[in-house]
Amino acid sequence: MASGRTTAAERAAVDAVLGPPSSGWTGGGRDRLDGHVAFGGRSARERRRWLLPALHAVQDRLGWISPGALDYICTRLTIPPAEAYAVVSFYALFATEPQAPVVVHLCDDIACRCQGAEALCAAAEARFGPAGGTGAGDGITWVRSPCLGQCERGPAALIQSAAQAGAAPWSAAVAPATLEGIAAGLAAGAPGPPPVGPLPPQAVDGATDRLRLLRRTGRVDPGQLDSYRAHGGYQALRRAIELGPQGVIQELKASGLVGRGGAAFPTAVKWEAVAANPVRPHYAVCNGDESEPGTFKDRVLMEQDPFAVVEALTIMGFACGAEQGHCYVRGEYPLAIARLRHAIDRARDRGLLGSDVMGHGFRFDIEVHRGAGAYIAGEETALFNSAEGKRAEPRNKPPFPAQAGLFGQPTVINNVETLLNVLEVLEQGGAAYAATGTPGSAGTRLFCVSGCVDRPGLYEFEFGATLRQVLDAAGGVRAGRPLRTVLLGGAAGSFVGPDQLDLPLTFEGARAAGATLGSGVVMVFDDGVDLTDIVRRIARFFRDESCGQCVPCRVGTVRQEELLTRIATGRARGSTADELALLTDLGAAMRDASICGLGQTASTAVESAARLGLIATGGGGGGS
């Protein structure tokens, strides 16, 4: 970054977040007192949490973060410039070089590749010039993006527009995206709230009598608290207050609820560990950083049922003795962020958040954190670091979050789908909830169905439904083509063959088959898809998204992609069998020695593709 002075516009953007500087030590005018006193220590360290909001403010206003702006932020927050630059350069949605005020992010990840993403990228290059250009002339540039979480509507785009000519900054998703649709979105400018009403038929499983987590989706006005309450909203919180904190945890124990983020850790164990910790304060965190390719379930819940997220997080805080909740949402979900913030404001207005929740003397409030483009931030300890204004790098465990989580305090964290299950547990009762699904997998599960199916969308089934039933609900393989394979669990999951369509979708069933349910991804590929290209894109995704903190992941993901490139281009070192043996060794090293789940699962899908013979050699496409 070149050096430079901060501009008035940059200072105004930062001051809008941090308030005016209080002294010369924090970027204001110096007076005589400043020569005799300095402020720092703990109070200064605690302001570090405002780093990402300040960076967002500058990025939104100017379209990039200049050295002068970064220096001013560092002065305001007393952060060393080298540390701040390490943060700003870590996140994909921040720019450290001048760029066009309007940036169009085009997803070229695995789901969108099945829906024409490469053709859209080629059209964008013809219209706007090379990816990452300066946007000379029309002030618009485009970049390739990893998964934007719009997989059921691909190909997808995210438009980010910095403040221009007095207009406020805005961002919006466009899906399914076409060049004409993107142009129309740019011409229309900042989008208004989308119309409320039933979602398109393919968005949710139409068997409404079976829906639990999705029963309000598309039927409740996500902007109206009264609409939510008319559909049973806040009955679960009333029940929680009647039961008391220990009663809530006992119901969770009876329910058998486990996390829906992939690790399947018992929810009650997490909550009880934090509730019993004598150290105060406690924090309750909702993980809405859903960045696994092929996953969009939490986005739908946050956009279409935001009051349910607020209610569930409030129950978590009540049960675990937390007075402050935090909801971290990926930056690529502008609508989810807006709707959650609106729901929090309305709940606060009506006494459902604040110093006296529901008049029962319980204090709880919620803050929304906006991510900045980092898959690794979905790992719980990396999320804590990000919310604290640091690089989203995972921490070593122990200590576990229940001992030292957000801001070093006892913290309970679950993702959006898990939290909405808590509402179901309290409304049904733990025993009744445990009676649904299977003995080893209680309740229902959301499945994100995308790829080569007739009706991609979000589907809800009781645990125990088979993969065939899910595909049938989505209309089967589109155009009646033969099924080649299904990616189960996302980019960190496994490919399964057509012979496994009767696989029961339970935690125990997936384990027995050597697969995982992961984040609920069911991505379907027919015989016309270039699967070698898909597998190489998965490898590139993990190479790009590795935080680089540990050697096995940082180096292993690069070597894995290089190996796949050699096989696909006919330049294998030795035989293909030798290369696949090396792939297995790489995977074992990453699984055994990586700090977090990214490195530990980065080779899972690739190795499963190799076992199924999905990787073509010598430049072959793997399709028909």
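Residues numbered from 1 in each chain as written. Predicted model: local features only at pLDDT ≥ 70, side-chain atom pairs only at ≥ 80, totals over all residues. Heavy atoms only, no water.

If you check the domain split of the protein chain, you get domain 1 (8–88), domain 2 (102–188), domain 3 (225–434), domain 4 (436–526) and domain 5 (531–611). Taken over C-alpha atoms, the centre of domain 2 sits 30 Å from the centre of domain 4. Each partner contributes to the interface: domain 2 provides six residues, whereas domain 4 provides ten residues. Together domain 2 and domain 4 conceal approximately 580 Å² of surface at their shared face, both sides included; 69% is due to carbon and sulfur atoms. Together, Ile110, Cys114 and Glu152 form the three largest contributors to the area buried by domain 2 at its contact with domain 4, with a combined 68%. Across the domain 2-domain 4 interface, the total number found is three residue pairs in polar contact (both at pLDDT 80 or more). For the side of domain 2 that touches domain 4, a count of residues per class yields four nonpolar, one polar and one charged. (Domains from an automatic or database assignment. Contact = heavy atoms within 4.5 Å. Buried area = accessible area lost by both parts, 1.4 Å probe. Polar contact = N/O pair within 3.5 Å; in protein donor to acceptor, adjacent residues only side chain to side chain. Nonpolar A, V, L, I, M, F, W, Y, C, P; charged D, E, K, R; others polar.)

Turning our attention to the sheet that holds strand 14 (residues 483–488). By definition, the strands of a sheet pair up through backbone hydrogen bonds, in either a parallel or an antiparallel sense. Reading across the sheet, the five strands line up as 13-12-16-14-15 and stay open at both edges, with mixed pairing between neighbours. Where the open sheet ends on each side, the last strands, each with one partner, are strand 13 (457–462) and strand 15 (494–496). Strand-to-strand twist of the sheet, defined as the mean angle between neighbouring strand axes without regard to direction, takes the value 30°. One ladder, built from five bridges, connects strand 14 with strand 16 (residues 521–526); its direction is antiparallel. Looking at the pairing, Val486 lines up with Val524 of strand 16. Taken strand by strand, helix 24 (residues 604–611) contacts strand 14 and strand 15, and its axis lies near 30° from that of strand 15. (Pairing = 2+ DSSP bridges. Helix = DSSP H or I, 4+ residues; strand = E, 2+ residues; numbered from the N terminus. Axes fitted to C-alpha atoms, helices over the stretch in contact; angles between N-to-C directions.)

A few words now on the pattern of salt bridges. Going through the model one piece at a time under the given rule, you end up with 43 salt bridges. For Asp533, the salt bridge identified is with Arg113, shortest N-O distance 2.7 Å. Taken together, the residues Asp533 in helix 20 (residues 531–545) and Arg113 in helix 6 (residues 110–113) connect sequence positions 420 residues apart. The structure contains a network of salt bridges with shared partners spanning Asp108, Asp109, Arg113, Glu118, Arg144, Asp533, Arg537 and Arg540. (Salt bridge = Lys/Arg side-chain N within 4 Å of Asp/Glu carboxyl O.)

All right, on to the side chain of Asp526 then. Structurally, the position occupied by Asp526 is in strand 16. Of note is the side chain of Asp526, whose polar atom sits 2.8 Å from the backbone nitrogen of Gly528. For Asp526, the contacting residues outside a window of four places in its chain are Cys452, Val477, Arg478, Arg481, Pro482 and Arg484.

If you trace the four strands from one edge of the open sheet to the other, you get 2-1-3-4, paired in mixed fashion. Strands with a single pairing partner mark the edges of an open sheet, and in this sheet they are strand 2 (140–145) and strand 4 (170–174). Put simply, the sheet's adjacent strands are angled 20° from each other on average, direction ignored.

With 144 residues, the main nonpolar core has Trp271, Ile315, Phe495 and Ile538 as its most contacted residues. It is helix 13 (residues 306–320) that provides the largest number of residues to this core, a total of eleven residues. Dropping the residues within four chain positions of it, Trp271 is found in contact with Val248, Ile249, Leu252, Ile315, Met316, Ala319, Cys320, Val412, Asn414, Leu419 and Val422. By size, the runner-up hydrophobic cluster in this structure holds 26 residues, among which are Val258, Val453, Ala465 and Leu471. (Core = buried A, V, L, I, M, F, W, Y, C linked by side-chain atoms within 4.5 Å. Buried < 20%, exposed > 50% of the residue type's maximum accessible area, 1.4 Å probe, protein only.)

Here we take up the packing of helix 20 against helix 21 (residues 551–568). If you want to describe how two helices pack, look at the angle between their axes and the distance between the axes. Close contact between helix 20 and helix 21 brings their axes to 8 Å; oriented N to C, the two are set at 160°. Here helix 21 runs roughly antiparallel to helix 20, going by the angle between their axes. Considering the relative orientation of helix 20 and helix 21, their crossing is left-handed. Across from Thr532, Val535, Arg536, Ala539, Arg540, Phe542 and Arg543 in helix 20, the residues of helix 21 making contact are Thr557, Val558, Gln560, Glu561, Leu564, Thr565 and Ala568. Tallied by class, residues from the contact of helix 20 with helix 21 come to six nonpolar, four polar and four charged. (Parallel < 35°, antiparallel > 145°, perpendicular 65-115°, else oblique. Left-handed = near helix turned anticlockwise from the far one by under 90°.)

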